[in-house]
Amino acid sequence: MALSLTEEQVDLAAAVADFTRSAVDLLATRQEQESLAAGQLPSYWDELLDNGLHALHLSEELGGQGGTLVETAIVLEEFGHRHVSGPFLSTVLASAAVNLAENREAHTTVLEDFAAGATGSLILASANLSALKISDGWAITGAVPALSAIAAKYLVVGFDLASTVHYAIVESATAGLSRVPAVGADLGRDASTVVFENVVIGETAVLTGVTASQINALHTGFCGSEAAGIMRWASVASSDYAKIREQFSTPIGSFQAIKHKCAQLLINAEMATAAAWSAVVSVTQDQTQQRLAAASALEAAIVPSIEAITEAITVFGGIGFTWEHDAHLYWRRAISLNALSSPHEQLLIDAGEAALGAQRSIDVELADEDASFRRRVAELLNSALALEDEHQAGRWHTRGSRRNFLADNGLAAPHWPAPYGLGATPAQQVIIAQEYARHNLTQPSSVIGEWAMPTILAFGSDALKEQFTLPTLRGELIWCQLFSEPGAGSDLAGLSTRAIKVEDGWKLSGQKVWTSGAHEAHWGICLARTDPTVAKHRGLSYFLVDMSAAGVDVRPLRQATGESEFNEVFLDDVFVADEYLLGEPGQGWRITATTLQNERTQISSGVSIGTEDGLRQLINEQSYIGCRENALEVLGRSAAISGAIGAMNLRETLKQVNGLQPGAGSSLAKVAHARLSRQTAGQLLKLAGPSAIFAHAPADAVTAQLAVPQVLIGGGTTEIQLNVIAERIIGLPRG
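Residues numbered from 1 in each chain as written. Predicted model: local features only at pLDDT ≥ 70, side-chain atom pairs only at ≥ 80, totals over all residues. Heavy atoms only, no water.

*Asks:* Could you give an account of the sheet that holds strand β6 (residues 177-182), with specific residues and numbers?
*Replies:* A sheet is described by the order of its strands in space; here four strands give the open sequence β2-β3-β7-β6, paired in antiparallel fashion. Here the strands that pair on one side only, and so sit at the sheet edges, are β2 (129-134) and β6. Here the strands of the sheet are splayed against their neighbours by 10° on average, with no regard to which way each runs. In terms of strand pairing, β6 meets strand β7 (residues 191-202) through six bridges, oriented antiparallel. Across the sheet, the residue bridging to Leu-177 is Phe-196, located in β7. (Pairing = 2+ DSSP bridges. Helix = DSSP H or I, 4+ residues; strand = E, 2+ residues; numbered from the N terminus. Axes fitted to C-alpha atoms, helices over the stretch in contact; angles between N-to-C directions.)

*Asks:* How would you summarise unusual backbone geometry if you had to cite specific residues and measurements?
*Replies:* Of note, the bond from Ser-342 into Pro-343 is cis; its omega dihedral lies within 30 degrees of zero at -5°. Structurally, Pro-343 can be placed in the loop between α12 (327-340) and α13 (345-355). For the bond from Ala-418 to Pro-419, the omega torsion is 10°, close enough to zero to count as cis. Here Pro-419 shows up in the loop between α16 (401-408) and α17 (426-438).

*Asks:* Help me get a handle on helix α6 (residues 88-99), residues and values and all.
*Replies:* Since the α-helix turns once every 3.6 residues, residues separated by three or four places project in the same direction. Taking 1.5 Å of rise per residue, 12 residues should cover 16 Å, and α6 covers 16 Å from first to last C-alpha, within 8% of that figure. Of all 12 residues that make up α6, 12 are buried, and the element is covered over most of its length. The complete set of buried residues in α6 reads Phe-88, Leu-89, Ser-90, Thr-91, Val-92, Leu-93, Ala-94, Ser-95, Ala-96, Ala-97, Val-98 and Asn-99. (Expected span 1.5 Å × (residues − 1). Buried < 20%, exposed > 50% of the residue type's maximum accessible area, 1.4 Å probe, protein only.)

*Asks:* Describe the pairing of strand β10 (residues 479-482), with residues and values.
*Replies:* Residues Trp-479 and Gln-481 of β10 are buried on one face, and the alternating residues Cys-480 and Leu-482, pointing to the opposite face, are buried as well. Here β10 pairs with strand β13 (residues 523-529) via four bridges, running parallel. Each residue of the ladder has a partner; that of Leu-482, found in β13, is Cys-526.

*Asks:* Residue-level account of the nonpolar core, with values.
*Replies:* Formed by 131 residues in total, the largest nonpolar core has its most connected members in Leu-53, Phe-79, Phe-88, Phe-222 and Trp-277. The residues contacting Phe-79, other than those within four sequence positions of it, are Val-16, Phe-19, Thr-20, Leu-48, Leu-53, Val-84 and Phe-88. Listed in part, the 50 residues of the second largest apolar core include Met-453, Leu-495, Ala-528 and Leu-581. (Core = buried A, V, L, I, M, F, W, Y, C linked by side-chain atoms within 4.5 Å. Contact = heavy atoms within 4.5 Å.)

*Asks:* Can you break down the pairing of strand β1 (residues 120-123) residue by residue, with the values?
*Replies:* Of the two faces of β1, the one lined by Gly-120 and Leu-122 and the one lined by Ser-121 and Ile-123 are each fully buried. The pairing of β1 with strand β4 (residues 154-161) spans four bridges and is parallel. Each bridged residue has a counterpart across the sheet, and for Ile-123 the counterpart in β4 is Val-157.

*Asks:* Residue-level account of the pattern of salt bridges, with values.
*Replies:* Side-chain pairs of opposite charge can arise where the charged atoms are in close proximity. Enumeration according to the criterion identifies 26 salt bridges in this entry. With a shortest N-O distance of 2.6 Å, Lys-153 and Asp-113 are connected by a salt bridge. With Lys-153 in the loop between β3 (137-147) and β4 and Asp-113 in helix α7 (residues 108-116), the pair connects residues that are 40 residues apart, well separated along the chain. Judged by relative accessible area, which is 36%, Lys-153 ranks as partly exposed. It is possible to trace a salt-bridge network through shared partners that takes in Asp-186, Arg-189, Glu-226 and Arg-333. (Salt bridge = Lys/Arg side-chain N within 4 Å of Asp/Glu carboxyl O.)

What follows is the structure, encoded as structure tokens:
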């Protein structure tokens, strides 16, 4: 769950965790509350400086560690998890802002002082501050609330002049600057109102080349990292408590309501980590990407950190609401981080404006890239560009010369083993995805075939591989999945379709339902019960069914949308030859795990998941009701969460590329995607307004709402997914 993505980063996070365990004590934070509020440094501060954690992102020439902003974010996430007190967040925000300046050499002394242990505070540009141009710089007047400003030697202050935001370094001892202390919401940091009375800022103090969007990305990225740590604490602490706290003589973690709370807390913590990481990465990208990423860190990390602690307290019960429990310390910090990032609306509006013409994207940089492999892929794709597909039917079912060429050269499913794929490693898959994008080509998909064929390659005979693989890759064979049944939806092991052994094969009888694409499929992968006398998981077998065989009756199901993408499939003594049984009888459940694994572990190369496309269309076509700013804010919020989910998927890819064990991100993303789809469809309908009385409303707002159940139910309901996350990932007891 931590922010680390490489072995070196994992080692850093472990070292920081060791430091916090040995040096940081929440009891000491409580005892030092008054001195911390007065701006004094916590008792562990010298040890923190000795470890160089405050200067990871500063160059060695300045006295720093020569690391990156991401490494500092890793420290912040760990510190958030442990509730480390003091001005660390404010200091690294200030020093990192100065380090971004194009005229950094002019601020060498200040940066060296930061590396030596000077403290700082970053004050975002505010309408409460006014700037007047004077002969030797600017005079700043106004008052703003600030965190850790009393402890700070340097303030990095934002001010607006002629609609352009500037940031400048101001020493706290500067004439006209005062700090009025107050009791802070966060008991581990000082809070004050910083008053500027014609504080003169010289031109040499201004950070040139530092933009408002860049500072916002840095600020939300670092604050979001700490918020992600808070949310990790909420997830871990509440889940641990749910495993041992008993009610009615049973652990409360066995109750479904608690399972779902804990699963949602884990999902939200993972999204927060991904969003914060994405924002930090965006600091070196362009303004559009910074705006999208900043909103993502705000909406997926900073804002929900308050609710995460609230939910955790509902798991703890009354004990969590006491002063002695640590929960309120994290709660207070989450409140403080939210306040520090206010106002939220403008960040979301800016993100909405950016989302009209762009999606969040992060270029994956490979440490040891195989340049010859990239050249070979590029040459093949150049050749593919010269070809045309004669049969155009969208991404899924297009076929022809170009697709044949891609399939024959291993680029239709490059992760499959040769000779059908390239046996591409995760890093090579990233290269291939990048080259497809660079050539403006879409990698072909065989849809259900992407799940069926890896299973056949793993368990099928050479004859089956020869019969199915290339035709599937070329789009000549379409597959469907005959798993779900009327009486066994998410309970796949409870299916009742029977397979009876006959001479040279089997006869299958039963009913399947919600079968996508069965009306146009040539073959289906089918689970059927071959032994009703054993445990339900053990009596299943895995068959390949010819959809044109006698006894197969496909009946399209018309959905609420009016479309018929799903089907009922009736099997009436359908003969399946022995060679189309995969594996041995009774191995179906184990073989099915291969199919489902391939469904959930696709290599991801992008970030945004595109849930906001309808909102984007509605605004671009000016078909919304209300003011444009409100519509942009809605789009910005949706794009922010979409980007967080996409970043979570991308991080799973990067873990594989870097040789780390992938986490649970892909499973968590499925629930997060369903939740976002439901929310976004509702917002789209609201923005469509009265025009939603028409079936063909702008941006397909009505159809989008009617299609929501597909996401909520398909592949296992959200509730089932939450149970799986709670029991198999978190380890809560079964109910």
